[in-house]
Amino acid sequence: MDVSWEEFGWERLGNGTGRRRLPVWDATAALVAGADGVLLYDTGSTLREGVELRTQAEALLGRRVTHIALSHPHFDHVLGTAAFSGAEVYGAVGTADLLARGAEELRADALRHGMSEGDATAATDALVPPRHQVTGEWTLDLGDGFQVLLANVGPGHSGHDLAVLVPGSPVVVLCGDLVEESGEPQADRDAVPTHWPAALDRLLELGGEDALYVPGHGAVVDAAFVRAQRDRLAVRFGVS
């Protein structure tokens, strides 16, 4: 379906794919539209952002989001999920357990980053853990043979990093916070620095030299950027 992504503040990437850089924390949310299904990659930091993403997706595509893939279990990427009633939710293995028992920690993290108490409480009270857990790779058919690949490529930025590969010309790789363009990659207490360079090697293996790599924060980058960030992380964390 030919839609005007830009008038909704989205960046069109091709292959039925577009993304939006959300305000405040500059987190990326991406849509992948097939003939039958619509995948949303990350859901925003609040229920309000989730509702806005749902409304925009329906206006852009004329139908509902059917699948959600969560890049990793940090508040600015997962707290809008409850706005998408009926969608099948996917995450890297372990994400469901972490979210089920870690709502208070997510709430505290959101508050530390400046979210209002009302927004943080509402979102964590309605927290939706993934029903489907990806241990290696999971192929989703979005209709007419259009298949996207969900790949558990972590740990790295977190203990549970899930990337999405969208086939086409060019290939689009949704990287989550394994790749950041608008600042240096953040290694919080749940990061696994010794594995992070290997996770980026896996992204490059999946996407190849000509892919578009969509970071969790910042502008779309190429393979050379990902490789350079991988090398900097290896030096930073003392990994070969």
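Residues numbered from 1 in each chain as written. Predicted model: local features only at pLDDT ≥ 70, side-chain atom pairs only at ≥ 80, totals over all residues. Heavy atoms only, no water.

### A closer look at the pairing of strand β6 (residues 88–92)
When you tally the buried positions in β6, you get four out of five residues, the bulk of the element. As defined by bridge partners, strand β5 (residues 67–69) adjoins β6 across three bridges and the pair is classed as parallel. Bridging across to β6, Ala-69 finds its partner in Tyr-90. (Buried < 20%, exposed > 50% of the residue type's maximum accessible area, 1.4 Å probe, protein only. Helix = DSSP H or I, 4+ residues; strand = E, 2+ residues; numbered from the N terminus. Pairing = 2+ DSSP bridges.)

### Looking at the sheet that holds strand β11 (residues 172–180)
Ordered in space as β8-β9-β10-β11-β12, the five strands form an open sheet in which the pairing is mixed. Whereas interior strands pair on both sides, the edge strands pair on one side only; in this sheet they are β8 (137–141) and β12 (212–217). Neighbour-to-neighbour, the strand axes of the sheet open up by a mean angle of 25 degrees, direction not taken into account. Bridge count for strand β9 (residues 147–152) against strand β10 (residues 162–166) is four bridges, and the pairing is antiparallel. Bridging across to β10, Asn-152 finds its partner in Leu-162. Along the sheet, helix α6 (residues 196–207) contacts β8, β9, β10, β11 and β12; its crossing angle with β11, the most-contacted strand, is approximately 165 degrees. Sheet strands touched by helix α7 (residues 223–237): β11 and β12. Its angle to β11, the strand with the most contacts, is close to 30 degrees. (Axes fitted to C-alpha atoms, helices over the stretch in contact; angles between N-to-C directions. Contact = heavy atoms within 4.5 Å.)

Functional significance is not addressed by these values, which are geometric in nature.
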